[in-house]
Amino acid sequence: MLKGLDPLLGPDLLATLRGMGHGDEIAIVDGNYPGVEHARRLIRLDGHGLVPVLNAVLSVLPIDDFVPEAIFRSTVGPDRDRLDPVHNEILDCCSRHEPQRSVTPLVGSAFYDRVRAAHAIIQTGEPRLYANVILRKGVIYP
(Lines give C-alpha, C1' and ligand atoms only; values in the text may rest on other atoms or scores of the structure.)
Protein backbone atom coordinates (compact mmCIF):
# COMPACT_ATOMS: atom_id res chain seq x y z
CA MET A 1 0.00 0.00 0.00
CA LEU A 2 1.13 3.52 -0.77
CA LYS A 3 -0.14 6.83 0.49
CA GLY A 4 -2.15 8.87 -1.98
CA LEU A 5 -2.72 6.04 -4.47
CA ASP A 6 -5.95 4.17 -5.03
CA PRO A 7 -5.40 0.58 -3.78
CA LEU A 8 -6.70 -0.73 -7.13
CA LEU A 9 -3.44 0.53 -8.62
CA GLY A 10 -1.32 -2.52 -7.88
CA PRO A 11 2.33 -2.95 -8.86
CA ASP A 12 1.70 -4.52 -12.29
CA LEU A 13 -0.82 -1.86 -13.26
CA LEU A 14 1.35 1.00 -12.00
CA ALA A 15 4.36 -0.34 -13.90
CA THR A 16 2.27 -0.63 -17.06
CA LEU A 17 0.86 2.90 -16.75
CA ARG A 18 4.34 4.28 -16.02
CA GLY A 19 5.85 2.40 -18.95
CA MET A 20 3.35 3.75 -21.47
CA GLY A 21 4.51 6.59 -23.67
CA HIS A 22 2.67 9.59 -25.06
CA GLY A 23 -0.01 8.40 -27.46
CA ASP A 24 -0.09 4.83 -26.14
CA GLU A 25 -3.56 3.54 -25.34
CA ILE A 26 -4.89 1.33 -22.56
CA ALA A 27 -8.28 -0.38 -22.60
CA ILE A 28 -10.36 -1.06 -19.50
CA VAL A 29 -12.87 -3.78 -20.30
CA ASP A 30 -15.72 -5.71 -18.73
CA GLY A 31 -15.65 -9.31 -17.57
CA ASN A 32 -17.13 -10.64 -20.82
CA TYR A 33 -14.57 -9.01 -23.10
CA PRO A 34 -12.18 -11.44 -24.89
CA GLY A 35 -9.16 -9.97 -23.10
CA VAL A 36 -6.82 -12.95 -23.41
CA GLU A 37 -7.42 -13.08 -27.15
CA HIS A 38 -7.02 -9.36 -27.79
CA ALA A 39 -4.32 -8.27 -25.33
CA ARG A 40 -0.66 -7.59 -26.01
CA ARG A 41 -0.39 -7.19 -22.21
CA LEU A 42 -3.24 -8.24 -19.91
CA ILE A 43 -3.76 -7.05 -16.34
CA ARG A 44 -6.60 -8.78 -14.52
CA LEU A 45 -8.64 -7.00 -11.87
CA ASP A 46 -11.31 -9.63 -11.34
CA GLY A 47 -13.85 -8.76 -8.66
CA HIS A 48 -13.72 -5.04 -9.40
CA GLY A 49 -16.19 -3.00 -11.42
CA LEU A 50 -15.18 -0.95 -14.42
CA VAL A 51 -15.98 2.50 -13.02
CA PRO A 52 -13.84 2.19 -9.85
CA VAL A 53 -10.94 0.97 -11.99
CA LEU A 54 -11.48 3.80 -14.50
CA ASN A 55 -11.52 6.28 -11.61
CA ALA A 56 -8.26 4.87 -10.21
CA VAL A 57 -6.50 4.96 -13.59
CA LEU A 58 -7.69 8.50 -14.34
CA SER A 59 -6.35 9.61 -10.95
CA VAL A 60 -2.78 9.10 -12.24
CA LEU A 61 -2.89 8.91 -16.05
CA PRO A 62 -2.63 12.13 -18.07
CA ILE A 63 -4.97 12.14 -21.06
CA ASP A 64 -3.60 13.18 -24.45
CA ASP A 65 -4.44 16.78 -25.32
CA PHE A 66 -2.57 16.76 -28.64
CA VAL A 67 -5.50 15.05 -30.41
CA PRO A 68 -9.20 15.89 -30.58
CA GLU A 69 -10.31 12.43 -29.35
CA ALA A 70 -8.48 10.57 -26.57
CA ILE A 71 -11.21 8.79 -24.58
CA PHE A 72 -13.40 6.17 -26.23
CA ARG A 73 -16.25 3.90 -25.14
CA SER A 74 -17.88 0.89 -26.71
CA THR A 75 -21.45 1.14 -27.96
CA VAL A 76 -24.53 -1.00 -27.54
CA GLY A 77 -24.40 -2.80 -30.86
CA PRO A 78 -24.47 -0.42 -33.83
CA ASP A 79 -26.30 2.35 -31.94
CA ARG A 80 -23.68 5.08 -31.30
CA ASP A 81 -26.07 7.25 -29.30
CA ARG A 82 -27.63 4.72 -26.93
CA LEU A 83 -26.40 5.12 -23.36
CA ASP A 84 -26.81 2.26 -20.92
CA PRO A 85 -26.50 3.17 -17.22
CA VAL A 86 -22.83 2.08 -17.22
CA HIS A 87 -22.11 4.54 -20.05
CA ASN A 88 -23.57 7.39 -18.01
CA GLU A 89 -21.30 6.35 -15.11
CA ILE A 90 -18.30 6.29 -17.48
CA LEU A 91 -19.17 9.77 -18.78
CA ASP A 92 -19.55 11.10 -15.22
CA CYS A 93 -16.22 9.63 -14.12
CA CYS A 94 -14.38 10.97 -17.15
CA SER A 95 -15.91 14.44 -16.77
CA ARG A 96 -14.76 14.61 -13.13
CA HIS A 97 -11.16 13.89 -14.15
CA GLU A 98 -11.09 15.42 -17.64
CA PRO A 99 -13.83 18.07 -17.81
CA GLN A 100 -12.54 19.48 -21.11
CA ARG A 101 -12.59 16.08 -22.89
CA SER A 102 -15.50 14.27 -24.49
CA VAL A 103 -15.94 10.49 -24.67
CA THR A 104 -16.16 9.22 -28.23
CA PRO A 105 -18.34 6.19 -29.01
CA LEU A 106 -16.75 3.52 -31.21
CA VAL A 107 -18.97 0.91 -32.84
CA GLY A 108 -18.16 -2.81 -32.83
CA SER A 109 -15.13 -3.72 -34.90
CA ALA A 110 -13.68 -0.19 -34.73
CA PHE A 111 -13.58 -0.54 -30.94
CA TYR A 112 -12.19 -4.09 -31.08
CA ASP A 113 -9.47 -3.10 -33.57
CA ARG A 114 -8.37 -0.23 -31.35
CA VAL A 115 -8.23 -2.49 -28.29
CA ARG A 116 -6.13 -5.04 -30.17
CA ALA A 117 -3.62 -2.28 -30.95
CA ALA A 118 -3.58 -0.96 -27.37
CA HIS A 119 -0.48 -1.06 -25.21
CA ALA A 120 -2.40 -3.07 -22.61
CA ILE A 121 -5.83 -4.23 -21.47
CA ILE A 122 -7.14 -4.11 -17.91
CA GLN A 123 -9.79 -6.82 -17.60
CA THR A 124 -12.24 -6.06 -14.79
CA GLY A 125 -14.92 -8.25 -13.32
CA GLU A 126 -17.62 -5.81 -14.48
CA PRO A 127 -20.76 -7.87 -15.25
CA ARG A 128 -22.57 -5.20 -17.29
CA LEU A 129 -22.33 -5.49 -21.06
CA TYR A 130 -20.64 -2.86 -23.26
CA ALA A 131 -18.69 -1.51 -20.27
CA ASN A 132 -15.46 -0.84 -22.12
CA VAL A 133 -13.23 2.24 -22.34
CA ILE A 134 -9.99 3.19 -24.10
CA LEU A 135 -7.72 5.95 -22.76
CA ARG A 136 -4.92 7.59 -24.75
CA LYS A 137 -1.99 8.67 -22.58
CA GLY A 138 -0.85 12.26 -22.69
CA VAL A 139 2.08 14.10 -21.18
CA ILE A 140 2.80 15.84 -17.91
CA TYR A 141 4.10 19.28 -18.73
CA PRO A 142 7.22 20.65 -16.98
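Criteria and cut-off values
- Residues numbered from 1 in each chain as written.
- Predicted model: local features only at pLDDT ≥ 70, side-chain atom pairs only at ≥ 80, totals over all residues.
- Heavy atoms only, no water.
- Pairing = 2+ DSSP bridges.
- Helix = DSSP H or I, 4+ residues; strand = E, 2+ residues; numbered from the N terminus.
- Axes fitted to C-alpha atoms, helices over the stretch in contact; angles between N-to-C directions.
- Parallel < 35°, antiparallel > 145°, perpendicular 65-115°, else oblique.
- Left-handed = near helix turned anticlockwise from the far one by under 90°.
- Contact = heavy atoms within 4.5 Å.
- Nonpolar A, V, L, I, M, F, W, Y, C, P; charged D, E, K, R; others polar.
- Buried < 20%, exposed > 50% of the residue type's maximum accessible area, 1.4 Å probe, protein only.
- Patch = residues over 30% accessible without salt bridge, like charges linked within 9 Å, V, L, I, M, F, W, Y side chains within 5 Å.
- Areas by Shrake-Rupley, 256 points an atom, 1.4 Å probe, with all protein chains shown as cover.
- Salt bridge = Lys/Arg side-chain N within 4 Å of Asp/Glu carboxyl O.
- Core = buried A, V, L, I, M, F, W, Y, C linked by side-chain atoms within 4.5 Å.

> Requested: an account of the sheet that holds strand 1 (residues 25–29), with residues and values cited.
Two modes of strand pairing occur in sheets, parallel and antiparallel, and in both the strands are linked by backbone hydrogen bonds. Spatial ordering of the open sheet is given by 2-5-1-6-3-4, a layout of 6 strands whose pairing is mixed. The two strands at the open ends of the sheet, each matched to only one other strand, are strand 2 (42–45) and strand 4 (104–106). For this sheet the average axis-to-axis angle between neighbouring strands, irrespective of direction, equals 20°. Pairing analysis gives 4 bridges linking strand 2 to strand 5 (residues 120–124), with the strands arranged parallel.

> Tell me about the packing of helix 3 (residues 50–58) against helix 4 (residues 85–97), and please be specific about residues and values.
In contact at an axis separation of 10 Å, helix 3 and helix 4 are set at 15° when each is read in the N-to-C sense. Here helix 3 is positioned roughly parallel relative to helix 4, judged by the angle of their axes. In terms of crossing hand, the pair formed by helix 3 and helix 4 is right-handed. Across the interface between the two elements, Leu50, Val51, Leu54, Asn55 and Leu58 of helix 3 pack against Glu89, Ile90, Cys93, Cys94, Arg96 and His97 of helix 4. Grouping the amino acids of the contact of helix 3 with helix 4 by side-chain chemistry returns 7 nonpolar, 2 polar and 2 charged.

> Pulling in residues and values, what's your account of helix 3?
Of all the 9 residues making up helix 3, 7 are buried; the element is thus mostly covered by neighbouring parts of the structure. All of the buried residues along helix 3 are Leu50, Val51, Val53, Leu54, Ala56, Val57 and Leu58. Buried residues in helix 3 make contact with helix 1 (11–19), strand 1, strand 2, helix 4, strand 5 and strand 6 (133–136).

> Give a description of a nonpolar patch on the surface that names residues and reports values.
Taken together, the side chains of Phe66, Val139 and Tyr141 make up a nonpolar region of the molecular surface, amounting to roughly 310 Å² of accessible area. Secondary-structure assignment places Phe66 in the loop between helix 3 and strand 3 (71–74). With a relative accessible area of 54%, Phe66 lands in the exposed category.

> Give me the nonpolar core: which residues, what numbers.
Membership of the largest hydrophobic core comes to 30 residues, with the highest contact counts inside it found for Leu13, Ile26, Leu54, Val57 and Leu135. Contributions of two or more residues to this core are made by helix 1, strand 1, strand 2, helix 3, helix 4, strand 5 and strand 6. In terms of residue count, helix 3 provides more of this core than any other element does, 7 residues in total. Residue contacts for Leu13: discarding those within four places in its chain leaves Leu8, Ile26, Ile43, Leu45, Val57 and Ile122. The next biggest cluster of nonpolar side chains, apart from the first, holds 9 residues, and it includes Phe72, Leu106, Phe111 and Ile134.

> Describe the pattern of salt bridges, naming the residues involved and giving the relevant values.
Following the criterion strictly, the structure yields 8 salt bridges and no others. Of the charged contacts in the structure, one is a salt bridge between Asp84 and Arg82, with a shortest N-O distance of 3.1 Å. Under the relative-accessibility criterion, Asp84 is labelled buried at 17%. Look at Arg82 and you get partly exposed, because its relative accessible area is 41%. Overlapping salt bridges, with partners in common, bring together Glu25, Asp64, Arg114 and Arg136 in one network.

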